[in-house]
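Given next are the chains, with one letter for each unit.
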Amino acid sequence: MRRYQAEWPSTSFLAGLHNPTLHDFFAHGELMRFHRGQALINEGDESDDIFLLLNASVKVTARLDGGGKALLAIRVGGDMVGEISAMDQGARTATVSVCGHEPLDTVRLSRAALHDLLDAWPQAAVSLAAMVSRKLRAA
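Residues numbered from 1 in each chain as written. Predicted model: local features only at pLDDT ≥ 70, side-chain atom pairs only at ≥ 80, totals over all residues. Heavy atoms only, no water.

Participant: So, the packing of aromatic side chains: which residues are in play, and what are the values?
Facilitator: This structure, assessed with the given rule, holds 2 aromatic pairs. Taking 5.9 Å as the distance between ring centres and 65° as the angle between the ring planes, the aromatic pair formed by Phe13 and Phe25 counts as edge-to-face. Of this pair, Phe13 sits in the loop between helix 1 (2-5) and helix 2 (19-27) while Phe25 sits in helix 2, and the two are 12 residues apart along the sequence. For Phe13, a relative accessible area of 1% gives the class buried. When the centroid spacing of 5.9 Å and the interplanar angle of 80° are considered together, the rings of Phe34 and Phe51 count as edge-to-face. Residue Phe34 is found in strand 1 (residues 30-34), and its partner Phe51 is found in strand 3 (residues 50-53); the two are separated by 17 residues along the sequence. As far as burial versus exposure is concerned, Phe34 and Phe51 are alike and both buried. (Phe/Tyr/Trp six-rings, centres within 6.5 Å; stacked < 30°, edge-to-face > 60°. Helix = DSSP H or I, 4+ residues; strand = E, 2+ residues; numbered from the N terminus. Buried < 20%, exposed > 50% of the residue type's maximum accessible area, 1.4 Å probe, protein only.)

In structure tokens:
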């Protein structure tokens with residue numbers, strides 16, 4: 001965990017968590033590695049896991065009605081992706097795939113684990129709300 005922390009922007013979700021909270025999030029998740037071009041999340045899927053990005057970067061894209069894709073965002077180490085489906089249990093709203101440097105290391109958390117962690121660590125719930133607010137403001 002420490003090897004990644006220096007790269008996280010101060011406004012990122014993970015940078016806003018205290019070390020005991022971070023350790024708990026990591027302990028309840030599964031460490032996963034992805035390579036350039038691989039998708040963590042596919043638009044339309046019914047999955048509801050979230051991914052904590054530890055390093056590297058991902059692009060968030062959505063299909064356009066007339067064909068093609070729109071680039072919605074770039075997310076970097078320290079960010080979380082997949083939170084919308086984890087919160088509302090709806091289908092995935094975008095595709096998230098690795099871009100830039102590789103490999104991408106992540107911690108995958110189930111929806112249930114995320115909710116348990118947010119109950120146990122109210123400060124993390126506030127950080128999640130702030131992160132979603134920043135994403136909405138940027139959109």
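Participant: Summarise the environment of Asn55; cite the residues concerned and give the values.
Facilitator: Examined against the element boundaries, Asn55 turns out to sit in the loop between strand 3 and strand 4 (57-63). A relative accessible area of 13% means that Asn55 is categorised as buried. Asn55 sits 70 residues away from Ala125 along the chain, and the two C-alpha atoms are 22 Å apart. At a separation of 3.3 Å, a polar atom in the side chain of Asn55 contacts the main-chain carbonyl oxygen of Pro103. Separated by 2.7 Å, the side chain of Asn55 and the backbone nitrogen of Asp105 make a polar contact. (Polar contact = N/O pair within 3.5 Å; in protein donor to acceptor, adjacent residues only side chain to side chain.)

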